[in-house]
Amino acid sequence: MTAKKYVSVLVFLLSSIVCLSQNSKTSISEVPDWVVKVQPDYKKVTKANQTSANYFLLLDKQENIAKQQCFTHFAIKLLNNDGVQQLSDIHIDFDPKYQKLVFHQLKIVRNGASIDKLKTHKISVVQREKDLERFVYDGSLTAIINLKDIRVGDIIEYSYSVVGYNPVLNGFYSDVLYLQFGEPVEYLYLRLCAPTNKNLKFLYLNGAPAPKMQLAKNEKVYLWEKHSVDQVHYDINTPPWYDVTPHVSISDYPSWQSVVDWSLKLYSIDDGEKNKLKKMLKEFFEPSGEGFDVVRMIRFIQDEIRYLGFLDGLNSMKPDLPSKVLSQRYGDCKAKSFLLSEALKIYGIEANPVLVNTTFGNSIEEYLPSPLMFNHCIVQIKMKGKTYFVDPTISNQGGDLAHNYTPDYYKGLVIKAGEKALTNIPVSDYTSIRVCETYKLDQIGKDAKLKVTTIYSGMDADRQRNVFAGSDLETVQKEYLDFYSKLYHSVKAINNISIEDKKNKINQFVVNEEYSIDSLWEKVEGKKKISCTFYPLSLNEFVTVAKSPKRSMPYMLKYPVDIEHKTIIELPEEWNAPDDSEVIESDAFKYTYKVRYSNKTITITHTYKTLCPYISEDKVGKYIEQHDKISKDMTYSLTYNNDIANGFSFSWFSGILSLIVLAISIFFALKMYRKYDVPTEIPSSESIPIGGWLILLAIGFTFTPLLITFQLFNTPNYFDSSVISPLFSTSTTVHNLLIGLLMYFELIYNLFFLTLSVLVVFLFYNKRSILPRLAIFYFAISTVFFIIDYLLAHSLAPELYTEQEKLKSIFQIIFRLIISSIWISYFIYSSRVGETFVRTYKKEEQMEVEEVLVDKTSETE
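Residues numbered from 1 in each chain as written. Predicted model: local features only at pLDDT ≥ 70, side-chain atom pairs only at ≥ 80, totals over all residues. Heavy atoms only, no water.

**So, the overall build of the chain**
Moving on, step 1. Each helix and strand counted, the chain has 19 helices and 37 strands in total.
Moving on, step 2. In the chain, which comprises 861 residues, the proportion classed as buried is 47%.
Moving on, step 3. For the chain, the proportion of contacts with a sequence separation of at least 24, taken over those separated by at least 6, is 75%.
Moving on, step 4. Only carbon and sulfur atoms are counted for the fraction: they give 56% of the accessible area of the chain, which is about 44900 Å². (Helix = DSSP H or I, 4+ residues; strand = E, 2+ residues; numbered from the N terminus. Buried < 20%, exposed > 50% of the residue type's maximum accessible area, 1.4 Å probe, protein only. Contact = heavy atoms within 4.5 Å. Areas by Shrake-Rupley, 256 points an atom, 1.4 Å probe, with all protein chains shown as cover.)

Here it is as structure tokens:
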């Protein structure tokens, strides 16, 4: 016999031994005597809707605590082919270390006839290890019965008992009984038998009813019965901890302190184990002159002690000894946490294991005390008056304790003598992503160079570090290249990705990329234009949210998220790129958008941060609406017209509007000049010359029209269609539209004020009596407009102004108010003003006529 045949025979023999051992844990027998026999109504009309694949005619669960037996009885009608697919194989899990599986019944009811399947079908027992990908071996076995010839409309009825409780619980009992499920149930029968000396507590959640209670000899029986139980439907994107089903929490643990006392027996070591662990630790850690390095110890256990768990029997709750975990270099969550806490204690640091629940930690207080409420273990560390929480199962973490990320477990039970209640675990939001994309455009219409620097911090640094640790650089490079190919189909990598791991203290992970893009510019169909677009791809997964109809449940958010995406576009020539900004926010998130242009460079900055892990159902509609708006407005486009070399395109609308405003302003100015006079008691001939403080006003009035004209033509944005037109396009935002209206408001005012200032000059030098009143209006309107323009500009785009610029504007307002007040008072109370501006248009016209007549008379004589 060859070696290969010997191996085959050996494998066969070992497999046979395993199968025999596994089958010894299963058997067939009658229903136990303590069970109340319940029969389903096979003819019951189903109320199941079309979305249900199965209908439970009977869901019968009975448990006897004294006998440590749990009896289950199902009768399920298959409504469609999906139901046949789901239930043609029966799977029942049990732990062979302390449990046995006993089958009582298996039959098919078809057209009223009953077909026994238990005696004709083989019961296979396999070890599937459902959590193998998580490196967890629970040792459980699965009994499988593959049913043959199953059809739509059949009723599958079977019952079985699982016998045995986990001895690690030391006789304590706890459970959660659900009274509604994901499938409709015609008849629900739940029965719990407990010894009379068993002090069970009940907590009824989500409207669950109290049971009917019966007293028998040495036994209390609790019974729940319900008929026509509808299936429960959950809205999409509902938080995993949210539960609307009525259910009952049952426990005989008196308090959380009793759970702590029970746990302390599992998480304790004697002096011999302590000395052994201390000796082993010396091989890896020796205190330096600066003291023991706590972070180094944490990282060693996280990274060097691999995560691997054997959770069968007692191991499901009792951790391995720390020395064993250290020597074998692997352990599950509770073993690694136990090792870390005991190792830190050896070096004089207070540390204790903490039991947590990774799914519904924020609602765990709603349930009665029980160790079965937890599925994970971490460590609490107290140093220098501060408390920290560390998860030893997370590998490749960075940062000091102050910057160490811990998932949101919300609450946990600290395994420490004297602990009486759950402990709050602060939500750790230390995480951020900072992306900086720099596009260098050497020539319009040609290719571009792209340089990307991404700085990951906190949790995001840990995740990215794991990505690079779990893949080769070539694979990661391809994934990054595929990422940018979503925008630019011909993108190519110039250099390999480089990384910089700043693992210590603040915990950052930096990724640098370089690409060339020869498809950046595209022709605009039917026009002599080319355009290119820029989109913050890194934000896409965060701002794209799942749509939801009207809902009645909370909506889960991606949390925590703190991302900034900066796009820098370096242009080969000057560009008309107006500054822009927008803020969209709520109690759940904040999004900002800014565009800045300076010196041939456009900088576009998007920021997005979530502020909470979920929102209530009444806020979901607004939340989705806001994110739809964000998604639509994130694209930034540049358009280049090859026919306009200088980049300036005259806006005929602005030009025509200016002519209309000027015409109207001049019309009213002429009318005022000719029609309006203020009567004075001083004759025109006695007007005194312009002097005193009026000399300063003469200078100011004279140069104002020149200054306004210079500003109008030195600011081409008012007359540049490439700037104005996008603000009024059909695709523009309300924010941009308001900015465009503000620009036209300023243009109209400046043209009106230009005409007013020219009128004031003429009236001033002609010493017209209307000048004082018009001057008062002149100073008042200029000050009022400056204040209104300031308020509108700062409210529409507050981010355009630095704090220094805002402060400067406030000082300018105060200065204008003071100056205007002085000059207005001067025109009201000054005697020189009253003696200077006394002429009227009508008297001047009459004097001119009289002078002409006198001249003609003289000539005649």
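**Considerations on the packing of aromatic side chains**
Moving on, step 1. Inspection of the entire model under this criterion finds 39 aromatic pairs.
Moving on, step 2. Seen from their ring centres, Phe 202 and Trp 224 are 6.2 Å apart, and the 50° between their planes marks the pair as tilted. Remark: Trp 224 occurs in strand β15 (residues 219-229) and Phe 202 occurs in strand β13 (residues 201-205); sequence separation between them is 22 residues.
Moving on, step 3. Directly above the ring of Phe 786 sits Arg 816, whose terminal nitrogen or CZ lies 4.4 Å from the centroid. (Phe/Tyr/Trp six-rings, centres within 6.5 Å; stacked < 30°, edge-to-face > 60°. Lys NZ or Arg CZ within 6 Å of the ring centre and 35° of its normal.)

**A word on helix α5 (residues 294-303)**
Moving on, step 1. Most of α5 sits inside the fold, with seven of its ten residues counted as buried.
Moving on, step 2. Among the structural elements, α4 (271-281), α6 (322-328), α7 (333-346), β21 (376-383) and β22 (386-390) are those in contact with the buried residues of α5.

**Focus: the packing of α5 against α7**
Moving on, step 1. Close contact between α5 and α7 brings their axes to 10 Å; oriented N to C, the two are set at 155°. On the basis of the axis angle, α5 is roughly antiparallel to α7. Of the two possible hands of crossing, α5 and α7 adopt the one that is right-handed. Contacts between α5 and α7 involve Val 294, Met 297, Ile 298, Ile 301 and Gln 302 from the former and Lys 336, Leu 339, Leu 340, Ala 343 and Leu 344 from the latter.
Moving on, step 2. Here the contact of α5 with α7 is composed, by residue class, of eight nonpolar, one polar and one charged. (Axes fitted to C-alpha atoms, helices over the stretch in contact; angles between N-to-C directions. Parallel < 35°, antiparallel > 145°, perpendicular 65-115°, else oblique. Left-handed = near helix turned anticlockwise from the far one by under 90°. Nonpolar A, V, L, I, M, F, W, Y, C, P; charged D, E, K, R; others polar.)

**Examining the packing of helix α8 (residues 459-470) against helix α9 (residues 473-485)**
Moving on, step 1. α9 packs onto α8 with a crossing angle of 125° between their chain directions and a minimal axis gap of 8 Å. Of the possible angle classes, the one that applies to α8 and α9 is oblique. Packed against α8, whose contacting residues are Gln 464, Val 467 and Phe 468, the element α9 presents Leu 473, Val 476 and Tyr 480 at the interface.
Moving on, step 2. Classifying every residue of the contact of α8 with α9 gives five nonpolar, one polar and no charged.

**Looking at the sheet that holds strand β16 (residues 247-251)**
Moving on, step 1. If you trace the three strands from one edge of the open sheet to the other, you get β11-β16-β13, paired in antiparallel fashion. Taken across any chain shown, the strands that pair with only one partner, and hence form the sheet edges, are β11 (174-178) and β13. When the angles between neighbouring strand axes are averaged without regard to direction, this sheet yields 15°.
Moving on, step 2. Bridge count for β11 against β16 is five bridges, and the pairing is antiparallel. In the sheet register, Tyr 178 faces β16, and the bridge partner there is His 247. (Pairing = 2+ DSSP bridges.)

**Let's talk about the side chain of Ser 538**
Moving on, step 1. Inspection of the secondary structure assignment puts Ser 538 in helix α10 (residues 537-543).
Moving on, step 2. On the basis of relative accessibility, which here comes to 15%, the residue Ser 538 falls in the buried class.
Moving on, step 3. Within the local environment of Ser 538, its side chain forms a polar contact with the side chain of His 565, the two groups lying 2.5 Å apart.
Moving on, step 4. Residues contacting Ser 538, with those up to four places away along its chain left out, are Val 435, Phe 483, Ile 563 and His 565. (Polar contact = N/O pair within 3.5 Å; in protein donor to acceptor, adjacent residues only side chain to side chain.)

**Re the state of the cysteines**
Moving on, step 1. Within the structure shown, the criterion is met by zero disulfides.
Moving on, step 2. Left without a disulfide partner, Cys 333 is nearest to the cysteine sulfur of Cys 377, which lies 5.9 Å away.
Moving on, step 3. Taking relative accessible area as the criterion, Cys 333 reaches 10% and is therefore assigned buried. (Disulfide = S-S within 2.5 Å.)

**Observations regarding the sheet that holds strand β26 (residues 448-458)**
Strands pair in a sheet through their backbones, by hydrogen bonds, and they do so in one of two ways: parallel or antiparallel.
Moving on, step 1. Pairing within the open sheet is mixed, and its eight strands lie in the order β27-β28-β26-β25-β32-β35-β34-β33. Each edge of the open sheet is held by one strand with a lone partner, namely β27 (491-502) and β33 (580-585). On average, adjacent strands in this sheet sit at an angle of 10° to one another, irrespective of strand direction.
Moving on, step 2. Bridge count between strand β34 (residues 589-598) and strand β35 (residues 601-610): ten bridges; the pairing is antiparallel. When the sheet's bridge partners are listed, Lys 594 is paired in β35 with Thr 605.
Moving on, step 3. In the packing of helix α11 (residues 620-633) onto the sheet, contacts are made with β33, β34 and β35, and the angle to β33 comes to roughly 155°.

**Let's talk about the nonpolar core**
For soluble globular proteins, nonpolar side chains are generally found buried alongside one another.
Moving on, step 1. Judged by nonpolar contacts, the single largest core of 60 residues is most densely connected at Ile 602, Tyr 608 and Tyr 636.
Moving on, step 2. Residue contributions to this core peak at five residues, all from β34.
Moving on, step 3. Excluding residues within four positions of it along the chain, Tyr 608 makes contact with Leu 539, Phe 542, Val 543, Val 561, Asp 562, Ile 563, Phe 589, Lys 590, Tyr 591, Tyr 623 and His 627.
Moving on, step 4. Of all hydrophobic cores here, the second largest spans 43 residues; its members include Ile 65, Ile 108, Ala 143 and Ile 250. (Core = buried A, V, L, I, M, F, W, Y, C linked by side-chain atoms within 4.5 Å.)

**Some points on a nonpolar patch on the surface**
Moving on, step 1. On the surface, a cluster of nonpolar side chains totalling about 790 Å² of accessible area is made up of Phe 650, Trp 652, Ile 656, Ile 660, Ile 664, Phe 667 and Phe 668.
Moving on, step 2. Tracing the backbone through its elements, the reader meets Trp 652 in helix α12 (residues 652-675). (Patch = residues over 30% accessible without salt bridge, like charges linked within 9 Å, V, L, I, M, F, W, Y side chains within 5 Å. Salt bridge = Lys/Arg side-chain N within 4 Å of Asp/Glu carboxyl O.)

**Describing empty space enclosed by the protein**
Moving on, step 1. The final tally for this structure, using the stated rule, is two cavities of 30 Å³ or more.
Moving on, step 2. For the lining of the largest cavity, the elements supplying multiple residues, two or more each, are β2 (54-64), β11 and β12 (185-195).
Moving on, step 3. In this structure, the second largest cavity occupies an estimated 40 Å³ of space.
Moving on, step 4. Taken together, Ile 76, Leu 87, Ile 90, Ile 156 and Tyr 158 form the lining of the second largest cavity.
Moving on, step 5. Considering only residue class, the lining of the second largest cavity consists of five nonpolar, no polar and no charged. (1 Å grid on protein atoms, 1.4 Å probe; cavity = no way out; pocket = protein on both sides within 12 Å on 5 of 7 lines; lining within 4 Å. Points joined across faces, edges and corners; volume = space filled by probe spheres on them.)

**Quick notes on the pattern of salt bridges**
Moving on, step 1. Going through the model one piece at a time under the given rule, you end up with 26 salt bridges.
Moving on, step 2. Between Asp 320 and Lys 324 there is a salt bridge whose closest N-O contact spans 3.9 Å.
Moving on, step 3. Taking the relative accessible area as the measure of exposure, Asp 320 reaches 23% and is therefore partly exposed.
Moving on, step 4. Between Lys 440 and Asp 442 there is a salt bridge, with its nearest N and O atoms 3.9 Å apart.
Moving on, step 5. In this structure Lys 440 comes out as partly exposed when scored by relative accessible area, which is 41%.
Moving on, step 6. Take Asp 442: its relative accessible area is 54%, and that puts it in the exposed class.

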